[in-house]
Amino acid sequence: MKTRYEFDKDFNFRKVTHSVWGMVRTTLKWLVATVSLAAFYYIVFSFFLNTEEERRLKRENRMYEKLYPQMKEKEQLISDVIKDLRLRDDAIYERLFHAQAPQMDPMGSMSFVFAGDSIPDKDMVEYTSGKAALLARAAESVDSGFLKIFSCAAKCPMPPVTVPLPELKFAQVGASVGQKLNPFYKVMSQHNGVDLIVGQGTPVLAAGDGVVTDVSKSGKGLGNVVEITHDGGYVTRYAHLQDIVVRKGERVKTGKKIACVGISGNSFAPHLHYEIYRDGELMDPVNFFFASFTPEEYTKAAYMSATTGQSMD
């Protein structure tokens, strides 16, 4: 290390010495200056330059800002669908059993078990005995109601409740009845059926026993169509077909192949357009799918048909 000299105030040379505190102060000054400069550079860097991760996060935030209103609308729609399904279930239960539907929570009526005050054994035995007798009478009433239902069902014609495609999944259910966006003209128009999205050539099956009352072929509109009339005033219509294998006047059974899925007529992509009428009144075909899906899948299928805004024809 070289020895340094400097002039003092009397203009005499003297050897430069370094005290410990002086070195510490100098080191601290350099350290503070370095940290401050690093912080300054970081702030400038963060304000004017973005890393790839930051750019990705900003893009995601912008996307979420756009999707959030749509998600709120879908959440409300799901709530409305669930509420409507609950009302329908309650109405069906009321019509069949002439009583209010049971609570969704089976523990709702067992609050006495968790009460703060204990119940004497004698009272518990009497309560349980009375409850068992009440449940036995209720079971007898339900059994009697089911016997009446089965008796009526044997006399009443069965509606077409079978899905007209083999192994259909809820995710393949498209737009149903209502005002939907036309894929060709991009305007809202009335859609009179449900679009079932499957591959071209998939077998189309009769949804119920009946008689083929119409077979038509066209390059426009619904394209090739088969119409089947069922007992009870029901009519099912299958459109955009190819390779029709039934004739007008032929009697068919549930599940019989009547044609294959095609793209005839004004079809945006291969799919089956399926309609149901009862006594000439248009029905929503999705309401007849409950026999072919589990309750969870049926709820999802109903949601898909209600939220899909664009038809396939």
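Residues numbered from 1 in each chain as written. Predicted model: local features only at pLDDT ≥ 70, side-chain atom pairs only at ≥ 80, totals over all residues. Heavy atoms only, no water.

Draft legend 1. Inspection of the overall build of the protein chain at higher detail. Across its full length, the protein chain carries 4 helices and 14 strands. By residue count, 25% of the 313 residues in the protein chain fall in the buried class. In the protein chain, once contacts between residues fewer than 6 apart in sequence are set aside, the share between residues at least 24 apart is 61%. Total accessible area computed for the protein chain in this model is approximately 21900 Å², and 60% of it derives from carbon and sulfur atoms. (Helix = DSSP H or I, 4+ residues; strand = E, 2+ residues; numbered from the N terminus. Buried < 20%, exposed > 50% of the residue type's maximum accessible area, 1.4 Å probe, protein only. Contact = heavy atoms within 4.5 Å. Areas by Shrake-Rupley, 256 points an atom, 1.4 Å probe, with all protein chains shown as cover.)

Draft legend 2. Broad picture of the side chain of D313. Within the secondary structure layout, D313 lies in the segment after α4 (295-307). Reaching out from D313, the side chain makes a polar contact with the side chain of H191 at a distance of 3.2 Å. A polar atom in the side chain of D313 sits 3.1 Å from the side chain of H240. The residues contacting D313, other than those within four sequence positions of it, are N182, P183, F184, H191, D195, H240, N266, H271 and H273. (Polar contact = N/O pair within 3.5 Å; in protein donor to acceptor, adjacent residues only side chain to side chain.)

Draft legend 3. Examining the packing of aromatic side chains more closely. Going through the model one piece at a time under the given rule, you end up with 5 aromatic pairs. Ring centres of F184 and F268 lie 6.0 Å apart, and the angle between their planes is 75°; on these two criteria the pair is classed as edge-to-face. Of this pair, F184 sits in the loop between β3 (178-181) and β4 (188-191) while F268 is found in the loop between β12 (257-261) and β13 (272-278), placing the two residues 84 residues apart along the sequence. Given a relative accessible area of 46%, F268 falls into the partly exposed group. Both rings, one in F289 and one in F293, keep their centres 6.3 Å apart while their planes meet at 65°; by these two values the pair is edge-to-face. Judged by relative accessible area, F289 falls into the buried class, the value being 1%. (Phe/Tyr/Trp six-rings, centres within 6.5 Å; stacked < 30°, edge-to-face > 60°.)

Draft legend 4. Seen up close, the environment of G201. Note that G201 resides in the loop between β5 (194-196) and β6 (203-205). We classify G201 as partly exposed; its relative accessible area is 33%. Between the alpha carbons of G201 and C260 there is a distance of 4.9 Å; along the sequence they are 59 residues apart.

Draft legend 5. Structural context of a nonpolar patch on the surface. On the surface, W21, V24, L28, L31 and V35 cluster together into a nonpolar patch covering about 530 Å² of accessible area. One can find V24 in helix α1 (residues 20-48). Taking the relative accessible area as the measure of exposure, V24 reaches 34% and is therefore partly exposed. (Patch = residues over 30% accessible without salt bridge, like charges linked within 9 Å, V, L, I, M, F, W, Y side chains within 5 Å. Salt bridge = Lys/Arg side-chain N within 4 Å of Asp/Glu carboxyl O.)

Draft legend 6. Representation of the nonpolar core in the model. Residues L196, V226, Y238, I258, L272, Y274 and F289 are the most contacted members of the largest nonpolar core, which totals 35 residues. Contributing elements (two or more residues each) for this core: α2 (52-97), β5, β8 (225-229), β9 (234-239), β12, β13 and α4. (Core = buried A, V, L, I, M, F, W, Y, C linked by side-chain atoms within 4.5 Å.)

Draft legend 7. A look at the sheet that holds β6. One open sheet holds the 3 strands; their spatial order is β6-β12-β10, and the pairing between them is antiparallel. Taken across any chain shown, the strands that pair with only one partner, and hence form the sheet edges, are β6 and β10 (241-242). For β10 and β12, the ladder comprises 2 bridges, and the chain directions are antiparallel. When the sheet's bridge partners are listed, Q242 is paired in β12 with C260. (Pairing = 2+ DSSP bridges.)

Draft legend 8. Quick peek at the pattern of salt bridges. In total, this model carries 3 salt bridges according to the counting rule given. Between R56 and E60 there is a salt bridge, and its shortest N-O distance comes to 2.5 Å. You can see R56 and its partner E60 sitting in helix α2, 4 residues apart, about one turn around the helix. The exposure class of E60 is partly exposed, given its relative accessible area of 25%. In this structure, R237 and E275 form a salt bridge, with 3.3 Å as the shortest nitrogen-oxygen distance. With a gap of 38 residues between them, R237 in strand β9 and E275 in strand β13 connect regions that are remote in the sequence. R237 gets classed as partly exposed once you look at its relative accessible area, which sits at 24%. For E275, a relative accessible area of 3% corresponds to the buried category. Look at the salt bridges and you will find they share partners, linking E227, R237 and E275 into a network.

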